[in-house]
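# Observations on chain architecture
These are the residues of each chain, in order.
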Amino acid sequence: MSMSSQNCLSGGSITITRPDDCHLHVRDGDALACVVPHTAARFARAIIMPNLRPPVTTTAQALLYQQRILSAVPPGLAFLPLMTLYLTDDLDADEIKRARDAGVVAVKLYPAGATTNSDAGVTDIRKTYATLEAMQREGMPLLLHGEVTSHAIDVFDREAVFIETQLMPLRQDFPELKMVLEHITTHEAVQYVLACDRWTAATITAHHLLFNRNAIFAGGIRPHYFCLPVLKRETHRQALLSAATCGSRKFFLGTDSAPHAIHLKENNSGCAGCYTAFAAMELYAQAFDAAGAIDKLEAFASFYGADFYGLPHNTGTLTLRRESWRLPDSFPLGQDQLKPLCSGETLAWRVVS
Ligand code: DOR
Ligand code: ZN
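Residues numbered from 1 in each chain as written. Chains lettered and ligands numbered in written order. Predicted model: local features only at pLDDT ≥ 70, side-chain atom pairs only at ≥ 80, totals over all residues. Heavy atoms only, no water.

### Section: the pairing of strand β3 (residues 45-48)
Here β3 shows two buried faces, one formed by Arg45 and Ile47 and the other by Ala46 and Ile48. By the bridge criterion, three bridges tie strand β2 (residues 20-24) to β3 in an arrangement that is parallel. Note on β3: the bridge partner recorded for aspartate 20 is arginine 45. For the segment spanning β2, helix α2 (residues 31-40) and β3, crossover handedness is right-handed. In the sheet, β3 pairs with strand β4 (residues 80-86) via four bridges, with the strands oriented parallel. Among the inter-strand pairings, isoleucine 48 is bridged to a residue of β4, identified as methionine 83. The handedness of the β3 to β4 crossover, carried by helix α3 (residues 59-71), is right-handed. (Buried < 20%, exposed > 50% of the residue type's maximum accessible area, 1.4 Å probe, protein only. Helix = DSSP H or I, 4+ residues; strand = E, 2+ residues; numbered from the N terminus. Pairing = 2+ DSSP bridges. Right-handed = clockwise from strand over helix to strand, strands pointing away.)

### What about the sheet that holds strand β7 (residues 179-181)?
Within a beta sheet, neighbouring strands are joined by backbone hydrogen bonds and run either parallel or antiparallel to one another. Here we have eight strands laid out as an open sheet, ordered β2-β3-β4-β5-β6-β7-β8-β9, and parallel in their pairing. Either end of the sheet is taken by a strand with one partner, and the two such strands are β2 and β9 (251-253). Sheet twist, expressed as the mean angle between neighbouring strand axes with direction ignored, is 30°. (Axes fitted to C-alpha atoms, helices over the stretch in contact; angles between N-to-C directions.)

### Re the coordination of the zinc ion (ligand 2)
Each donor-metal-donor angle in an ideal tetrahedron of four donors is 109.5 degrees, and each such angle in an ideal octahedron of six donors is either 90 or 180 degrees. Here the zinc ion (ligand 2) is held by the protein donor atoms His23 (NE2), His25 (NE2) and Asp256 (OD), which lie 2.0 to 2.1 Å from it. The sequence motif formed by the donor residues of the zinc ion (ligand 2) is H-x1-H-x230-D. One end of the pair, histidine 25, is in the loop between β2 and α2; the other, aspartate 256, is in the loop between β9 and α10 (262-265), with 231 residues separating them in the sequence. A relative accessible area of 7% places histidine 25 in the buried class. Among the residues examined, aspartate 256 registers a relative accessible area of 7% and is labelled buried. (Donors = N, O, S within 2.8 Å, 3.2 Å for Na, K, Ca; no water.)

### Here's the deal with α2
With nine of ten residues buried, α2 lies mostly within the body of the structure. Buried within α2 we find Ala31, Leu32, Cys34, Val35, Val36, Pro37, His38, Thr39 and Ala40. Where the residues of α2 are buried, they touch β2, β3, α3, β11 (331-333) and β12 (336-338). (Contact = heavy atoms within 4.5 Å.)

Read these as geometric descriptors, not functional statements.
Following this line, the structure appears as structure tokens:
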């Protein structure tokens, strides 16, 4: 923690180096104008997920998408979207060097059918081995949606089964491939990452730090708490909190903020994803503060992710104050409406500058 945060803490505020969101969905088109300003007001950089329709599978597409995101950054805010490619069964190994040279920071693996816009995802990891070899050679990180897709496996067990049946063999075959297990949700994932060497890291969302699976069912079914991997029981939330606040460089901030129009969430077949970008740092501050570890927030949010990706630390700062404020009920999202997680509720921390 920097001296400034120590100094400010006693006054009920914390000043940290400007953070990075290492896992973010911003969609495309009209949605960008709604969601990009929320992230750009808090974060200096964000790693942008490629699960558009159609997915971002080439360097050329990623660079055009980056330009569209940059066009949605409000004047006066400095924000850099860092781009990723979507791994398919036939992503060409030659694309990796091209991507690396163009500044693409990672490739995302979605098991086919695991989550939103994953139908073009990987059907069998072995089909991607030539591309993974190129990634290992080029130092290009692989980001994993770590869930098996078999309907025979209980939805609450899909992450733990993925680690055992998919990730462990993959790691054996690619000992020096940089991997990030994204949005981890279980004690098993925490244990796995802690036991790994420096080539493996994990992101943790604010909602998995703040809520357990009861939140989905409190007083009736609450679709805005549905994401994938789904919230787990309290023991897992506690394991995630310990991981995020223990000072290990292997765990860092990735919101997985995932905007869906209200009518697609409050739906017979509601979409997975929690929209947290609007209050992301405030939600993390709440979680860290409740764990008595607000002093650990800066490294988790601003240093460990950058270090894993080999990026310089950001230069600006972000100040949060302990102050109650009420989240809006919704925002316009193109022609639709977007409900943030915890809409209408009161948060204890607020970004002030
Ligand atoms: O809840 C989720 N929403 N999990 C994902 O993996 C994807 C995301 C989305 O794109 O909506
Ligand atoms: Zn995601």
